[in-house]
Amino acid sequence: MALNLNKNLKLYYSIKEVAEMFGINESTLRYWEQEFPYLKPKTSGPAKIRQYQEKDIEQIRLIHNLVKVRGFKLAAAKKIINSNRDGADRRAEVLTRLIGVRDDLQALKRQMDYLQ
């Protein structure tokens, strides 16, 4: 079996790490946990420290796409997710890929400009 070098070995992320991934406040994540019942990170210890897994991050990516990127209100985002979850997931995935391609193209353009 081949070694997968792209595999992320980290199982849990702190609320601070997740907030930094999406450029939002930790309080925004806590609020989204109240508003979206399927977003439930694991908590540990008496201090109930949140531990986000990849599945939680995918949920946050979907919510972030709808609310912060596309500009939907929370109620509209809930309605979209509840009525057409698969379609919303696919659109969020496509948008993430397109943003990555755009960033790659911008980096390539900067390199080309540097060579000229």
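Everything here concerns the structure above.
Cut-offs and rules
- Residues numbered from 1 in each chain as written.
- Predicted model: local features only at pLDDT ≥ 70, side-chain atom pairs only at ≥ 80, totals over all residues.
- Heavy atoms only, no water.
- Helix = DSSP H or I, 4+ residues; strand = E, 2+ residues; numbered from the N terminus.
- Contact = heavy atoms within 4.5 Å.
- Polar contact = N/O pair within 3.5 Å; in protein donor to acceptor, adjacent residues only side chain to side chain.
- Core = buried A, V, L, I, M, F, W, Y, C linked by side-chain atoms within 4.5 Å.
- Buried < 20%, exposed > 50% of the residue type's maximum accessible area, 1.4 Å probe, protein only.
- Axes fitted to C-alpha atoms, helices over the stretch in contact; angles between N-to-C directions.
- Left-handed = near helix turned anticlockwise from the far one by under 90°.
- Nonpolar A, V, L, I, M, F, W, Y, C, P; charged D, E, K, R; others polar.

Novice: I'd like a description of the environment of glutamate 17, backed by residues and values.
Specialist: Residue placement: glutamate 17 occurs in helix H1 (residues 15-22). For the pair glutamate 17 and tyrosine 52, spaced 35 residues apart in the sequence, the C-alpha separation amounts to 9.3 Å. Excluding residues that lie within four positions of it along the chain, glutamate 17 makes contacts with Lys10 and Tyr12. At 2.8 Å, the side chain of glutamate 17 and the backbone nitrogen of serine 14 are in polar contact.

Novice: Any chance you could break down the nonpolar core for me, citing the residues and the numbers?
Specialist: Membership of the largest hydrophobic core comes to 21 residues, with the highest contact counts inside it found for Val18, Leu29, Trp32, Phe36, Tyr52, Ile60 and Ile63. When contributions to this core are tallied by element, the ones reaching two or more residues are H1, helix H2 (26-35), helix H3 (54-69) and helix H4 (74-83). Sorting elements by how many residues they give to this core places H3 first, with six residues. If sequence neighbours within four positions are ignored, tryptophan 32 has contacts with Ile24, Leu39, Ile60, Ile63, His64, Val67, Lys68 and Leu74.

Novice: A description of the packing of H1 against H3 should follow, citing residues and the corresponding values.
Specialist: Helix packing geometry: the angle between the two helix axes and the distance between the axes. Across the interface, H1 lies against H3 with an axial gap of 11 Å and an inter-helix angle of 35 degrees. Judged by the twist between their axes, the crossing of H1 over H3 is right-handed. Residues Val18, Met21 and Phe22 of H1 form the contact with H3, whose own contacting residues are Ile57, Ile60, Arg61 and His64. The class makeup of the residues in the contact of H1 with H3 is five nonpolar, one polar and one charged.

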